[in-house]
Amino acid sequence: MLYYKQGELLGVEDIFENDEFVLMKATYQRNSFRIAELSVGLKDYTGDIVRIVDVDTKIL
């Protein structure tokens, strides 16, 4: 687990979704820093997310 993920999760937003994956944006608060993380959730044949891959991280 990365250091900033020890902070408070402020929210998760689904940006795009289809049958194979979902693109998500999570926002964290760690001390005075606000961090946005872009991730891709890979789905199995039933539509359940089986793996999440972090794509980009930015300090806001």
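Preceding this section is the structure that the text describes.
Reading the values: rules and limits
- Residues numbered from 1 in each chain as written.
- Predicted model: local features only at pLDDT ≥ 70, side-chain atom pairs only at ≥ 80, totals over all residues.
- Heavy atoms only, no water.
- Helix = DSSP H or I, 4+ residues; strand = E, 2+ residues; numbered from the N terminus.
- Buried < 20%, exposed > 50% of the residue type's maximum accessible area, 1.4 Å probe, protein only.
- Contact = heavy atoms within 4.5 Å.
- Areas by Shrake-Rupley, 256 points an atom, 1.4 Å probe, with all protein chains shown as cover.
- Patch = residues over 30% accessible without salt bridge, like charges linked within 9 Å, V, L, I, M, F, W, Y side chains within 5 Å.
- Salt bridge = Lys/Arg side-chain N within 4 Å of Asp/Glu carboxyl O.
- Phe/Tyr/Trp six-rings, centres within 6.5 Å; stacked < 30°, edge-to-face > 60°.

S.K.: Give a detailed account of the overall build of the chain, specifying residues and quantitative values.
M.R.: Along its length, the chain carries zero helices and four strands. For the chain, the N- to C-terminal ordering of α and β elements is β-β-β-β. Each of the three principal axes of the chain carries a C-alpha extent, and together these read 40 × 20 × 15 Å. Going through the 60 residues of the chain one by one, you find that 23% of them count as buried. Summarising the internal contacts of the chain: among those between residues at least 6 apart in sequence, 19% fall at separations of at least 24. Surface accessibility of the chain: about 4,500 Å² in total, with carbon and sulfur atoms responsible for 53%.

S.K.: Describe a nonpolar patch on the surface, listing the residues and the values that go with them.
M.R.: A surface patch of nonpolar side chains, about 220 Å² in accessible area, is lined by Leu42, Val50 and Val53. When you line up the elements, Val50 lands in strand E4 (residues 49-59).

S.K.: Describe the pattern of salt bridges, listing the residues and the values that go with them.
M.R.: In this structure the tally under the stated criterion is one salt bridge. The closest approach of N and O atoms between Glu17 and Lys43, which form a salt bridge, is 2.6 Å. Taken as a pair, Glu17 in strand E1 (residues 8-17) and Lys43 in strand E3 (residues 33-43) lie far apart in primary sequence, 26 residues in all. On the accessibility criterion, Glu17 (46% relative accessible area) is partly exposed. Taking the relative accessible area as the measure of exposure, Lys43 reaches 17% and is therefore buried.

S.K.: Which residues make up the environment of Lys25, and what are the values?
M.R.: Relative to the assigned elements, Lys25 resides in strand E2 (residues 21-30). Here Lys25 falls in the partly exposed class, since its relative accessible area comes to 32%. Apart from the residues within four sequence positions on either side, Lys25 is in contact with Gly11, Val12, Glu13, Ile15, Ala36 and Glu37.

S.K.: Please provide a residue-by-residue account of the packing of aromatic side chains, values included.
M.R.: Tallying each qualifying case throughout the model produces one aromatic pair. With centroids separated by 5.8 Å and ring planes inclined at 40°, the aromatic side chains of Phe16 and Phe21 adopt a geometry described as tilted. A residue is classified by how much of its surface remains accessible, and Phe16, at 42% relative accessible area, is partly exposed.

The quantities given are spatial measurements derived from coordinates; they are silent on function.
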